[in-house]
Amino acid sequence: MNFKYVPLKRWKKEGSSHLFYVMLGMATFYISAKNEGTISMLLFITSGSLFLSGLYHAIYYFRLPDKDYVRINDAEIIIYRGSFSKKRILFSKISKAVEMDRKIVIHIGSPYYEEIIYTEWLSEADVRVLRRELFQKVPEEAIK
């Protein structure tokens, strides 16, 4: 089962704020090229980095509601944390699963190692299904 990010104003706000870095990178490049005639390599790299990073993050946040946040299969739960980061947790490794304050906290092994699923990033229907599926697959003694 796949659970996607819910469309929030927060994602649009984050994407819009990263467009500022795109404009800043373009402005830096333009101003330095206009004033000096040639642009220094350091300034070129800096403005290019601002531009590319801002563009990447703006697109990422604008497209976030199309992406999966949590996936559950027979043996594990996968929590996506950004573009290149995800956490795979085997159900057999879960020592405790607790729901509190619009979060589902999953303890893995020790009480100091945990993963958090932010339920406000999911729709209410997805939260109900996720809760049911997760608590069915987690060992009985782990549910608190």
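Up top you'll find the structure we're talking about.
Remember, it's a predicted structure, so these values are computed and weren't measured experimentally. The numbering scheme is per chain: residues are counted from 1 as the chain's sequence reads. Thresholds applied to this predicted model are a pLDDT of at least 70 for local features of residues and 80 or more for the giving and counting of side-chain atom pairs; totals over whole chains, interfaces and linings are not thresholded and use all residues. In computing side-chain values, all of the structure's heavy atoms are included and hydrogens and water are not.

(A) Quick peek at the pairing of strand β5 (residues 94-100). For two strands to count as paired, DSSP must find a minimum of two bridges between them. Secondary structure elements follow DSSP: runs of H or I no shorter than four residues count as helices, runs of E no shorter than two count as strands, and numbering proceeds from the N terminus. Examined bridge by bridge, β5 and strand β6 (residues 103-108) share six bridges and lie antiparallel to one another. Within the sheet, the bridge partner assigned to Glu99 lies in β6 and is Ile104. Counted between consecutive antiparallel strands, the loop separating β5 from β6 contains two residues, among which Asp101 sits at a positive phi close to 50°.

(B) Spatial organisation of the sheet that holds strand β1 (residues 2-4). Spatial strand order, β1-β2-β3-β4: four strands in an open sheet with antiparallel pairing. In this open sheet, the two strands that pair with only one neighbour each are β1 and β4 (86-90). If you compare each strand with its neighbour and ignore which way they point, the axes differ by 15° on average. Of the pairings in the sheet, the one linking strand β3 (residues 76-80) to β4 comprises five bridges and is antiparallel in character. Considered in β4, the bridge of Glu76 is made with Leu90. Lying on the sheet, helix α3 (residues 124-137) is in contact with β1, β2 (68-72) and β3; it crosses β2 at an angle near 35°. The axes used here are C-alpha line fits, helices contributing only the stretch in contact, and every angle between their N-to-C directions lies in the interval 0 to 180 degrees. Contact between two residues is taken to exist if any of their heavy atoms lie within 4.5 Å; hydrogens are not considered.

(C) Focus on the pattern of salt bridges. Think of a salt bridge as a Lys or Arg side-chain nitrogen and an Asp or Glu carboxyl oxygen that are within 4 Å of each other. In this structure the tally under the stated criterion is eight salt bridges. A salt bridge links Glu76 to Arg88, with the shortest nitrogen-to-oxygen separation between them at 2.6 Å. On the criterion of sequence distance, the pair formed by Glu76 in strand β3 and Arg88 in strand β4 is long-range, its members being twelve residues apart. On the accessibility criterion, Glu76 (13% relative accessible area) is buried. Here Glu133 makes a salt bridge to Arg132, at a shortest N to O gap of 3.6 Å. Buried, partly exposed and exposed residues are distinguished by accessible area as a fraction of the type maximum, computed with a 1.4 Å probe on protein chains only: under 20%, between the cut-offs, and over 50%, respectively. Overall, the relative accessible area of 13% leaves Glu133 in the buried class. On the basis of relative accessible area, Arg132 is assigned to the partly exposed category, the value being 44%. Salt bridges sharing partners connect three or more residues here, namely Lys4, Asp68 and Arg71.

(D) Geometry of the nonpolar core. In these notes, a set of buried Ala, Val, Leu, Ile, Met, Phe, Trp, Tyr and Cys residues joined through side-chain atoms within 4.5 Å is what counts as a nonpolar core. Counting residues in hydrophobic clusters, the biggest one holds 25 residues, and the most contacted among them are Tyr69, Val70, Ile77, Ile106, Ile117 and Leu130. Among the secondary structure elements, those contributing two or more residues to this core are α2 (41-62), β2, β3, β5, β6 and α3. In contact with Leu130, other than residues within four places in its own chain, are Phe3, Val70, Ile72, Ile77, Ile104, Ile117 and Leu122.

(E) Here's a closer look at the packing of aromatic side chains. Note on ring pairs: Phe, Tyr and Trp rings are taken, using the six-membered ring of Trp, and paired if centres are within 6.5 Å. Classes follow the plane angle, with under 30 degrees stacked, over 60 edge-to-face and the rest tilted. Counting across every chain of the model gives ten aromatic pairs. Between Tyr60 and Tyr61, the aromatic rings sit 5.3 Å apart at their centres with planes inclined by 75°, giving edge-to-face as the arrangement. Considered together, Tyr60 and Tyr61 belong to a single accessibility category, that of buried residues.

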